[in-house]
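Working through the structure, step by step
One-letter residues, chain by chain:
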Amino acid sequence: MNFVLGARGRLGHAIHVCHLVDHIEAPDHSVYADWWRDGSENDAARYFDSRARQSGTVYVAIGIIDPRRSHEEHLKINFDLAKNVVRGATRVGLKVITFGTVMEKVVDDKGANPYFASKSRLGQFVEDAANTSELGLHIRLHTLFGGRAPDPFMFLGQILQAVRAGTEFRMTPGMQLREYHHIDDEVAAIFKLNESRHHGSVELSHGAPVTLKTLATHVFRSYQCAELLKIGALPEPVNDNYSFLFERTAMLDDINFRPTLPAIVEYLRSVQPEPLKSEAP
């Protein structure tokens with residue numbers, strides 16, 4: 001029996017619908033909403049023990065990613081809840097996969113961003129736990145796209161809002177490096193990592209980053225509204241990734257990650273075919 005927590009989110013939903021090997025259950029949010037509390041690892045253990053008739057995997061895809069939310073909220077959901085799931089589920093023999101961000105590795109001052117801070121703490125917890133158990137795996141992800149529309153606070157979400165409204169898009173010089181992964185490719189890679197019996201932590205990378213400047217330029221040109229893009233209108237953030245290149249994860253050689261720029265344009269057109277200004281009479 002397999003489980004996915006957070007099946008209403010982008011990643012959790014994709015894992016749930018794409019998991020074809022064995023049965024997978026998506027518990028209602030009310031089941032685990034309070035598992036961030038002290039001692040909740042016992043609640044998690046009882047829940048999974050009563051349903052897991054054989055070995056399986058618990059995918060912990062629940063979490064918050066909005067950096068505007070408080071540090072306390074991020075720690076409660078992204079660390080405390082996930083930590084209790086790891087402790088409870090592994091106690092009854094289930095493997096647990098948690099998810100983080102590659103920015104855990106490349107950003108020096110993680111405390112400035114509550115999402116990075118909470119995921120870094122979770123990754124360290126799983127790595128430490130791997131010294132005594134091989135049932136925990138923390139996968140550090142790059143930026144995901146595909147499926148539903150992008151969240152409005154994300155870079156692609158902000159671009160989409162500008163394209164829809166026909167308004168200027170002010171951005172930094174855009175030299176930050178990012179890997180963008182389509183959600184369907186990512187789920188195939190996650191299943192591959194699970195099958196590999198890897199434990200501890202791993203970065204899930206395809207090794208083909210783009211700068212945010214390149215990405216934004218390509219999207220606005222594709223929509224034939226390049227005049228809306230104002231590169232350099234905002235200052236470049238100090239604490240970001242400008243030079244670190246991730247190598248393609250070795251065990252994922254047979255995963256066909258789709259090319260970033262055309263795949264992102266195809267995705268955005270699936271949720272916004274043309275700018276609204278071009279639709280006016």
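First things first, this report covers the structure right here in the doc. Predicted, not measured: the structure shown is a model, and the values here were computed from it.

Turning to the overall build of the chain, a few remarks are in order. When its secondary structure is counted, the chain shows 10 helices and 12 strands. Here the chain has a C-alpha radius of gyration of 20 Å; the compact-globule value for 281 residues is 19 Å, and the two agree. Taking as baseline every contact in the chain between residues at least 6 positions apart, the subset at least 24 positions apart corresponds to 79%. When the accessible surface of the chain is split by element, carbon and sulfur atoms take 50% of a total near 13,300 Å². Here the chain contributes 31 positive and 35 negative side-chain charges, whose respective centroids are spaced 2 Å apart.

Right, let's get into the sheet that holds strand β4 (residues 95-101). Across the sheet, which stays open at both edges, the 6 strands sit in the order β2-β1-β3-β4-β5-β10 with parallel pairing between neighbours. One side of each edge strand has no neighbouring strand; the edge strands of this open sheet are β2 (24-25) and β10 (200-203). Sheet topology note: the strand β1 (residues 2-5)/β2 ladder contains 2 bridges and is parallel. Across the sheet, residue Phe3 finds its bridge partner in β2, namely Glu25. Taken strand by strand, helix α1 (residues 10-18) contacts β1, β2, β3 (57-60), β4 and β5 (136-141), and its axis lies near 160 degrees from that of β1. Of the strands in this sheet, β1, β2 and β3 are in contact with helix α3 (residues 40-51), which crosses β1 at around 140 degrees.

Their axes nearest at 11 Å, the elements helix α7 (residues 155-165) and helix α10 (residues 260-271) cross at an angle of 55 degrees. Taken together, the axes of α7 and α10 lie oblique to each other. Of the two possible hands of crossing, α7 and α10 adopt the one that is right-handed. Together, Leu156, Leu160 and Arg164 of α7 and Ile264, Tyr267, Leu268 and Val271 of α10 make up the contact between the two elements. Residues of the contact of α7 with α10, tallied by class, amount to 6 nonpolar, no polar and 1 charged.

The subject of this paragraph is the environment of His182. Topologically, His182 is positioned in strand β9 (residues 180-182). On the basis of relative accessible area, His182 is assigned to the buried category, the value being 11%. Looking at His182, its side chain comes within polar contact range of the main-chain nitrogen of Asp184, at 3.1 Å.

This structure, assessed with the given rule, holds 14 aromatic pairs. Arranged with centres 5.9 Å apart and planes meeting at 65 degrees, the rings of Trp35 and Tyr47 form a pair that is edge-to-face. You can see Trp35 sitting in the loop between α2 (29-32) and α3 and its partner Tyr47 sitting in helix α3, a full 12 residues away along the chain. Accessibility classification places Trp35 together with Tyr47 in one group, the buried group. With 4.8 Å between their ring centres and 70 degrees between their planes, Phe244 and Phe246 make a pair best called edge-to-face. By relative accessible area, Phe244 is classed as partly exposed at 44%. You can call Phe246 buried: its relative accessible area is 12%. One aromatic cluster is present, built from ring pairs that chain together Phe3, Tyr32, Trp35, Tyr47 and Phe48. The ring of Trp36 carries the charged tip of Lys76 above its face, separated from the ring centre by 4.7 Å. Of note, Arg269 hangs over the ring of Tyr223, and the distance from its end group to the ring centre comes to 4.5 Å.

Let's shift gears to the packing of helix α4 (residues 71-91) against helix α6 (residues 114-129). Where α4 meets α6, the axes come as close as 8 Å, and the angle between the chain directions of the two elements is 20 degrees. Judged by the inter-axis angle, α4 sits roughly parallel to α6. Taken as a pair, α4 and α6 cross one another with a handedness that is right-handed. Across from His71, His74, Leu75, Asn78, Phe79, Ala82, Lys83, Val86 and Arg87 in α4, the residues of α6 making contact are Pro114, Tyr115, Ser118, Lys119, Arg121, Leu122 and Phe125.

What follows deals with the environment of Ala14. If you trace the backbone, Ala14 turns up in helix α1. Those residues in contact with Ala14, other than ones at most four positions away along the chain, are Ile183 and Val187.

A word on α3. Over its 12 residues, α3 runs 17 Å from end to end, which matches the ideal 16 Å to within 8%, given 1.5 Å per residue. For α3, every residue scored as buried is listed here: Ser40, Ala44, Ala45, Tyr47 and Phe48. The arc that holds every buried residue of α3, seen down its axis, measures 165 degrees, which confines them to one face. Exposed side of α3, more than 90 degrees from the buried face: Arg46, Asp49 and Ser50 are the residues found there. In this fold, the buried residues of α3 make contact with β1, β2, α2, β3 and α4.

Conventions used here
- Residues numbered from 1 in each chain as written.
- Predicted model: local features only at pLDDT ≥ 70, side-chain atom pairs only at ≥ 80, totals over all residues.
- Heavy atoms only, no water.
- Helix = DSSP H or I, 4+ residues; strand = E, 2+ residues; numbered from the N terminus.
- Rg over C-alpha atoms; globule rule 2.2 N^0.38 Å.
- Contact = heavy atoms within 4.5 Å.
- Areas by Shrake-Rupley, 256 points an atom, 1.4 Å probe, with all protein chains shown as cover.
- Lys, Arg positive; Asp, Glu negative; His and termini not counted.
- Charge placed at Lys NZ, Arg CZ, Asp CG, Glu CD.
- Pairing = 2+ DSSP bridges.
- Axes fitted to C-alpha atoms, helices over the stretch in contact; angles between N-to-C directions.
- Parallel < 35°, antiparallel > 145°, perpendicular 65-115°, else oblique.
- Left-handed = near helix turned anticlockwise from the far one by under 90°.
- Nonpolar A, V, L, I, M, F, W, Y, C, P; charged D, E, K, R; others polar.
- Buried < 20%, exposed > 50% of the residue type's maximum accessible area, 1.4 Å probe, protein only.
- Polar contact = N/O pair within 3.5 Å; in protein donor to acceptor, adjacent residues only side chain to side chain.
- Phe/Tyr/Trp six-rings, centres within 6.5 Å; stacked < 30°, edge-to-face > 60°.
- Lys NZ or Arg CZ within 6 Å of the ring centre and 35° of its normal.
- Expected span 1.5 Å × (residues − 1).
- Arc of directions from axis to C-beta.

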